[in-house]
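In case you want the letters, here they are:
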Amino acid sequence: MNDPKNPFPPTPVVVPDDFRRLKTVWTDALNVSRTYVQAYLQAGGARTRTDLRSGGSGICVAVSGEFGAGKSHLLRILTGDVAHLPPPTSGAFVPHVFSTVSSPVRFLSVYRQQLIGELDVQRFPKVVEFHLAAATAQVLTGLNAPEDLISAVREGTVAAAEVASHYRLSEHDISRAMREELRRVTYSDDVATHLALLDLTEKPHAVWEWLSGKFPDQTLVERGIDEPIDDDIKAFNAFATLTFLYGRAGEPFVLLIDEVEKLLQDPVNSASWRTENLQALEKLVNVFIDTGGLVVFCALPESLRRFSAGFHQRLRVLSLDPFNADQAKALIEQYLPADSPVVFPNDVVKTIVELSNGNPRLILELCDGSWKSTFRPGARTEVEAATVRAAIRAKFEMSRTSLVLGEVRQVLETGGWVHLPEDDDAFRVPAAADGAAVTVIVTDSLLGNEDTRRILRRIDAVLARKGGQEVILVVNGYLHPADRRQVAGRISRQPLTFDHHGFRERLREQMIEARRRLDDAGREGVLDSIRDEVLRVSVQQSYTHSMLERLAGNVGRAQAAPGGEAAERSRAMDRLPERVRRRFDRALSALRTLSGVESLYDGVFATSPLPALNTQPGLSRDLFQTVGIAIVFQRLVETFMEAVIRWYDQVGPRERGDLTPPQIHELEVICERYEINADYFPLFRLVDGSGGGESSALTDQVVASAQQRELVEALDGLGVKVESDLLDQVRSPLR
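Residues numbered from 1 in each chain as written. Predicted model: local features only at pLDDT ≥ 70, side-chain atom pairs only at ≥ 80, totals over all residues. Heavy atoms only, no water.

## Here we look at the overall build of the protein
Piece 1. Each helix and strand in the protein was counted, giving 32 helices and 12 strands.
Piece 2. The long-range fraction of contacts in the protein, counting pairs at least 24 apart against all pairs at least 6 apart in sequence, stands at 74%.
Piece 3. Summed over its atoms, the accessible surface of the protein is roughly 35800 Å², and 51% of this surface lies on carbon and sulfur atoms. (Helix = DSSP H or I, 4+ residues; strand = E, 2+ residues; numbered from the N terminus. Contact = heavy atoms within 4.5 Å. Areas by Shrake-Rupley, 256 points an atom, 1.4 Å probe, with all protein chains shown as cover.)

Dropping the structure here:
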């Protein structure tokens, strides 16, 4: 027997455009979602243009499930269903399909790079003509015109322009009727309100260019539109307006969104959502529903709870349940060849389901690990339960226990908490003379049964000690959801799973909370609390002093660029238009100011008046992170500026009033590449970590808040703003 290839993917992910080859277990949720979509498409195909003008015929389906539950898999299948639509029979229902299944980051990027590109610029005037006909029919109704004429105009069998000319209808009345119809979706949004004020029939191609994200031409500027669509909210509003225009014209939109959370994240703090984006998405979905469209989006259960109660009333929520043993068996059999040398017995499949909590992705990952450990050339071997347990440990226990203990120790040292080692796998942080303490325990994976009983006995022994006791549990590996609930109930806080992203911050937060609980319980006297806090700050500053010395040297070298290079950069900036130069000056200044490096030691070496006894500035690990991020972000902005300067120099003064399409495209690429890099940058750490520590002074807080706002305003959308300013400048060189 030849050695067969392992049939299980090591990292099960759905590849875009590969939905025909997906290995699928047909669950109830999947069948119901396909029923929703197919019913929508069938009903749409039978509708007339008159039907399409009636609101409320669209639907929105929210697919809810944990990571690895199969949300993306389901969305790919629905994408395949919609992509293979039969040609419309009535000619009235022509849906436009948009799919953002590639994990979007910002809606502005999705709108400019995907959504608007799927629409045909040649089709837009036809859509405008439909609304012109509807407005003309409304004017005719007010004039008591014959019903057959009104119907013919509304249905498009008679040209609206010819009727308006023949009956000498007022262009002002027709435009007013169009604006009134558009205001049904515009509300107070700038983009849509501007659109409602335009006569779309006058220059639809100019309107289309503006909707595509380009800078408005002179005609639109004269109508009050002097800014491009350059942020998420404007993009949401523009797409909502297009959804309305096309939907009412019988061409509703179908939108499929994977990982909807990424469209709603704050550009400064990715862990939180922007309220404006959330409200804009809810409004967009409402427009889809009111214009006969279809939206399917995927979200985590906790994310779905963030939407408003009114929005939930219009949703059809499909929850992806964990696989049972039969469904897991069916999934595994789709991967195994008929003569597989590795066999998964039913009892082992049951173990896999129990350990994975029925998560399809984890099921396949455990099968992959079990296959690698079980396969023997030339033999037919059965997987054992112990092999599955070893596979899950191998997957999740990526770090040595000693490394995890080192991370815990560093958090305690940088936080200034005096600690004592305990049993080689824990640290005890004394909190009072009566024995009160916080104990941090590190353990390997908890896979139920004996593992769980062992750790619970350990926790109970700590909690039974004299004085108040708090326990923090760090799991280096996999933590089963049922075990998590048991442990959380025992220690009154969630156990931490170790990873390299945010672990230190989470542990620090739990340490602060645990100490506060002991203090609030009255287990320490006021003087003891003050003494311990002074000791903690002293230890923290002592630990970080050497770090500061190294960092200060590195920062000095990074910022002390050769004088000739700095001078050359300054001279190059002077060649840029004033508005562009001001934007770069503002961004670089905000980065330098918020990091606080330049003023870090102000007054430390003053001799008159005599300095305070403590001449060391407030230091913390967050300050070091802020300085490092600020320097790297500063380099990104400087590199972007240098590329813009090269482009501006190459264009030449004689050509600036007449740019060629390749020149415009080159500038768009430069600015877009900056935005892509800035989107992924952890800007939120600059805001959260600025200031070097907490301050109780109101003036300090106000100054810090102003600096943070300045940073966000200077950096958010810098690429789009620079592009707009440059195009505006070179098209009007005398400005």
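Here the narrative resumes, following the displayed structure.
## Considering the packing of aromatic side chains
Piece 1. Per the stated rule, a full pass over the model turns up 19 aromatic pairs.
Piece 2. Arranged with centres 6.4 Å apart and planes meeting at 75°, the rings of Tyr-111 and Phe-239 form a pair that is edge-to-face. Of this pair, Tyr-111 sits in helix α4 (residues 107-115) while Phe-239 sits in helix α12 (residues 232-248), and the two are 128 residues apart along the sequence.
Piece 3. Looking at Phe-239, the relative accessible area reads 1%, which means it is buried.
Piece 4. Counting every residue linked through ring pairs, the aromatic cluster contains Phe-107, Tyr-111, Phe-236, Phe-239, Tyr-246, Phe-253 and Phe-288.
Piece 5. Taking NZ or CZ as reference, Arg-306 lies 4.5 Å from the ring centre of Trp-273, over its face.
Piece 6. The cationic tip of Arg-316 hangs over the ring face of Tyr-36; the distance from NZ or CZ to the ring centre is 5.0 Å. (Phe/Tyr/Trp six-rings, centres within 6.5 Å; stacked < 30°, edge-to-face > 60°. Buried < 20%, exposed > 50% of the residue type's maximum accessible area, 1.4 Å probe, protein only. Lys NZ or Arg CZ within 6 Å of the ring centre and 35° of its normal.)

## Thoughts on the pattern of salt bridges
Where charged atoms from two side chains of opposite charge come close, those side chains can pair.
Piece 1. Inspection of the entire model under this criterion finds 32 salt bridges.
Piece 2. Close ionic contact of Asp-368 with Lys-372 constitutes a salt bridge, the shortest N to O distance being 3.3 Å. One end of the pair, Asp-368, and the other, Lys-372, are both in helix α19 (residues 360-374), four residues apart, so they sit about a helical turn from each other.
Piece 3. For Asp-368, a relative accessible area of 7% gives the class buried.
Piece 4. Asp-460 is paired through a salt bridge with Arg-490; the nearest N and O atoms lie 2.7 Å apart. Placement of the pair is Asp-460 in helix α22 (residues 450-463) and Arg-490 in helix α23 (residues 481-491), with a sequence separation of 30 residues.
Piece 5. The partly exposed category is assigned to Asp-460, whose relative accessible area is 33%.
Piece 6. The exposure class of Arg-490 is partly exposed, given its relative accessible area of 33%.
Piece 7. By sharing partners, the salt bridges in this structure join Glu-470, Arg-493, Glu-513 and Arg-517 into a single network. (Salt bridge = Lys/Arg side-chain N within 4 Å of Asp/Glu carboxyl O.)

## Comments concerning the sheet that holds strand β12 (residues 496-497)
Piece 1. Read from one edge of the open sheet, five strands run β8-β9-β10-β11-β12, paired in mixed fashion. The outermost strands of the open sheet, each flanked by one partner alone, are β8 (420-422) and β12.
Piece 2. Taken together, the three bridges between β8 and strand β9 (residues 426-430) define a ladder with antiparallel strand orientation. Each bridged residue has a counterpart across the sheet, and for Leu-420 the counterpart in β9 is Arg-428.
Piece 3. Against the sheet, α23 makes contact with β10 (437-446), β11 (469-479) and β12, and its axis sits at roughly 170° relative to β11, the strand it touches most. (Pairing = 2+ DSSP bridges. Axes fitted to C-alpha atoms, helices over the stretch in contact; angles between N-to-C directions.)

## Examining the pairing of strand β4 (residues 294-299)
In summary, the side chains of a regular strand alternate between the two faces of the sheet.
Piece 1. Across the six residues that make up β4, a large majority, six, are buried.
Piece 2. Residues of β4 alternate between two faces, with Leu-294, Val-296 and Cys-298 on one and Val-295, Phe-297 and Ala-299 on the opposite face, all of them buried.
Piece 3. Where strand β1 (residues 59-64) and β4 come together, six bridges link them in parallel fashion. Across the sheet, the residue bridging to Ala-62 is Phe-297, located in β4.

## Things to note about the pairing of β10
Piece 1. With respect to burial, β10 is a largely interior element, nine of its 10 residues being buried.
Piece 2. Direction of pairing for β9 relative to β10: antiparallel, over a ladder of five bridges. Bridged to Pro-430 within β10 is Ala-437.
Piece 3. Where β10 and β11 come together, nine bridges link them in parallel fashion. Looking at β11, one finds that Asp-444 is bridged to Asn-476.
Piece 4. Each parallel crossover has a hand, and for β10 linked through α22 to β11 it is right-handed. (Right-handed = clockwise from strand over helix to strand, strands pointing away.)

## Quick notes on the nonpolar core
Piece 1. Tyr-111, Phe-239, Leu-242 and Phe-297 are the most contacted members of the largest nonpolar core, which has 55 residues in total.
Piece 2. Among the elements that take part in this core, α12 stands out by supplying nine residues, more than any other.
Piece 3. In this view, Phe-239 contacts Phe-98, Phe-107, Tyr-111, Leu-115, Phe-253, Leu-255, Leu-284 and Phe-288; residues no more than four positions away in its chain are not counted.
Piece 4. Of all hydrophobic cores here, the second largest spans 34 residues; its members include Met-573, Val-580, Leu-591 and Tyr-674. (Core = buried A, V, L, I, M, F, W, Y, C linked by side-chain atoms within 4.5 Å.)

## Concerning unusual backbone geometry
Piece 1. You will see that Arg-168, though not glycine, has its phi angle at about 55°, which is positive.
Piece 2. A relative accessible area of 78% means that Arg-168 is categorised as exposed.
Piece 3. Positioned with a positive phi, Asn-357 is a non-glycine residue whose angle comes to about 60°.
Piece 4. Assignment of secondary structure puts Asn-357 in the loop between α18 (346-356) and α19.

## Here's the deal with the side chain of Glu-470
Piece 1. Tracing the chain through its elements places Glu-470 in strand β11.
Piece 2. The class for Glu-470 is buried, based on a relative accessible area of 7%.

## Structural notes on α4
Piece 1. Among the residues making up α4, those that are buried are Phe-107, Leu-108, Val-110, Tyr-111 and Leu-115. Each buried residue of α4 lies within a common arc of 165° when the element is viewed along its axis, so the set occupies one face. (Arc of directions from axis to C-beta.)

## A closer look at the packing of α22 against α23
Piece 1. Closest axis-to-axis distance for the α22/α23 pair is 11 Å, and the angle between their directions is 5°. Compared by their axis directions, α22 and α23 come out roughly parallel. Residues Thr-452, Ile-455, Leu-456, Ile-459, Asp-460 and Leu-463 of α22 form the contact with α23, whose own contacting residues are Asp-483, Gln-486, Val-487, Arg-490 and Ile-491.
Piece 2. Taken together, the residues of the contact of α22 with α23 sort by class into six nonpolar, two polar and three charged. (Parallel < 35°, antiparallel > 145°, perpendicular 65-115°, else oblique. Nonpolar A, V, L, I, M, F, W, Y, C, P; charged D, E, K, R; others polar.)

## As for the confidence of the model for the protein
One rule of thumb: low pLDDT means the predicted coordinates there are not for detailed reading.
Piece 1. Counting all residues, the mean pLDDT for the protein is 79, and 74% of those residues have values of 70 or more.
Piece 2. A low-confidence stretch, residues 546-555 stays under pLDDT 50, and its non-local contacts, those more than four residues away or across chains, total 10 contacts.
Piece 3. Contacts for the low-pLDDT stretch residues 610-615, under 50 throughout, to residues beyond four places or in other chains number four contacts. (pLDDT = per-residue confidence, 0-100.)

## What about the environment of Pro-7?
Piece 1. Within the secondary structure layout, Pro-7 lies in the segment before α1 (28-45).
Piece 2. Placed 364 residues apart in sequence, Pro-7 and Trp-371 show a C-alpha to C-alpha distance of 8.7 Å.

## Looking at the packing of α18 against α19
Piece 1. Where α18 contacts α19, the axes come no closer than 9 Å and their chain directions differ by 125°. Accordingly, the angle class assigned to the pair α18 and α19 is oblique. Handedness of the α18/α19 crossing: right-handed. Here α18 contributes Ile-352, Leu-355 and Ser-356 to the contact with α19, which in turn contributes Leu-362, Ile-363, Leu-366 and Cys-367.
Piece 2. The residue inventory of the contact of α18 with α19, partitioned by class, reads six nonpolar, one polar and no charged. (Left-handed = near helix turned anticlockwise from the far one by under 90°.)

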